[in-house]
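The residues making up each chain are set out below.
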Amino acid sequence: MPAQVIPWTYTDSPGILMWNWVTEHFVARITGREVDPQSPGEKRNIRAYNWELCDRMHSIQGMPRLLVEGTALAFDEAESRIREHVGKCYDFRLGYLKFAGSLAQTYALASGETVDVGPYVGTRCSVTVLQSDRTERTVAGTFAVDRYRWLVTTHDQQLEIIPEHVVRITNRSEAADRAAAVNRSDTYTGIGRMYREDPRAGCTGRPGFTVGTVDHAGALQCPIHEVGLQESPSA
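What counts, and at which threshold
Residues numbered from 1 in each chain as written. Predicted model: local features only at pLDDT ≥ 70, side-chain atom pairs only at ≥ 80, totals over all residues. Heavy atoms only, no water. Pairing = 2+ DSSP bridges. Helix = DSSP H or I, 4+ residues; strand = E, 2+ residues; numbered from the N terminus. 1 Å grid on protein atoms, 1.4 Å probe; cavity = no way out; pocket = protein on both sides within 12 Å on 5 of 7 lines; lining within 4 Å. Points joined across faces, edges and corners; volume = space filled by probe spheres on them. Nonpolar A, V, L, I, M, F, W, Y, C, P; charged D, E, K, R; others polar. Salt bridge = Lys/Arg side-chain N within 4 Å of Asp/Glu carboxyl O. Buried < 20%, exposed > 50% of the residue type's maximum accessible area, 1.4 Å probe, protein only.

Chemist: Would you mind going over the sheet that holds strand 13 (residues 194-195) in detail, with residue names and values included?
Modeler: Pairing is antiparallel in the open sheet, where three strands are placed in the order 13-15-14. Every other strand in the sheet has two partners, leaving strand 13 and strand 14 (206-207) as the edge strands with one partner each. Summarising the sheet, strand 13 and strand 15 (residues 214-215) pair through two bridges and their orientation is antiparallel. Residue pairing across strands places methionine 194 opposite aspartate 215, the latter belonging to strand 15.

Laid out in structure tokens, this is it:
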């Protein structure tokens, strides 16, 4: 469902355009600063849009407390940042998710990629994290989000993960991820190490449960279906 329109209050002062969104819990503001016109009648030109989100629930000496701020080159970009942080900062029971939409569950990863993880919530996922020594560690478990953090619950613990440290996330098994990288991806079923073909000479797999498939679970790397994959003991 698309995010609802934010009820901005707009004011226009010489050189400054301002949009305010005031609720009992926060104040959101976007300020556009104009470039001085070079000639009379010249079209208005905005240099940049500064945005900020201030909390009224835990004020400082009666003044809203600054939570987050930034600068954008376009109004839509600034508004999107406001939507995202409102969705992540405030409990969904306060009713602001309707303004945030999918941005409440959208995160930037270490790769620079931006991912909407909404479809992953409640599923079993594999999350690969870049560690301080630049090595990668993959953890698997039930996936959830808690504002700016990710939670992965395994059989014996709950791990908190900072999305900016994540290289990739998938709700397939690690074996399925490896299989998805093969040269012959057109035959891959997306399940484990199973392919849509019959076993043939040189193949290390065996007939799958479904007719017309071959399953390589527990077998050596297949020189026919898994060309280009690195050997791994956890097939």
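Chemist: Outline the layout of surface pockets, supporting the account with residue identities and numerical values.
Modeler: Taken as a whole, the second largest pocket encloses approximately 220 Å³ of empty space. Lining the second largest pocket we find Gly87, Lys88, Tyr90, Asp91, Phe92, Leu97, Gly101, Ala104, Gln105, Tyr107, Val145 and Arg147. The residue makeup of the lining of the second largest pocket, split by class, is six nonpolar, three polar and three charged.

Chemist: Which residues make up unusual backbone geometry, and what values do they have?
Modeler: The general pattern is negative phi for most residues beyond glycine and trans for most peptide bonds. For arginine 134, which is not glycine, the phi torsion reads 75 degrees and is therefore positive. Topologically, arginine 134 is positioned in the loop between strand 8 (124-130) and strand 9 (136-146). Even without a glycine there, the phi angle at arginine 147 is positive, about 60 degrees. With respect to the element layout, arginine 147 can be found in the loop between strand 9 and strand 10 (149-153).

Chemist: I'd love a proper account of the pattern of salt bridges, names of residues and values included.
Modeler: Throughout the structure, instances matching the rule amount to 10 salt bridges. One salt bridge connects glutamate 52 with arginine 29, and the closest N-O pair in it is separated by 2.7 Å. Of the two residues, glutamate 52 sits in strand 4 (residues 46-60) while arginine 29 sits in strand 3 (residues 26-34), which places them 23 residues apart along the sequence. Residue class for arginine 29 comes out partly exposed when judged on its relative accessible area of 25%. Aspartate 55 serves as the salt-bridge partner of arginine 65, at 3.4 Å between the closest nitrogen and oxygen. With arginine 65 in strand 5 (residues 63-72) and aspartate 55 in strand 4, this pair connects stretches of sequence that are 10 residues apart.

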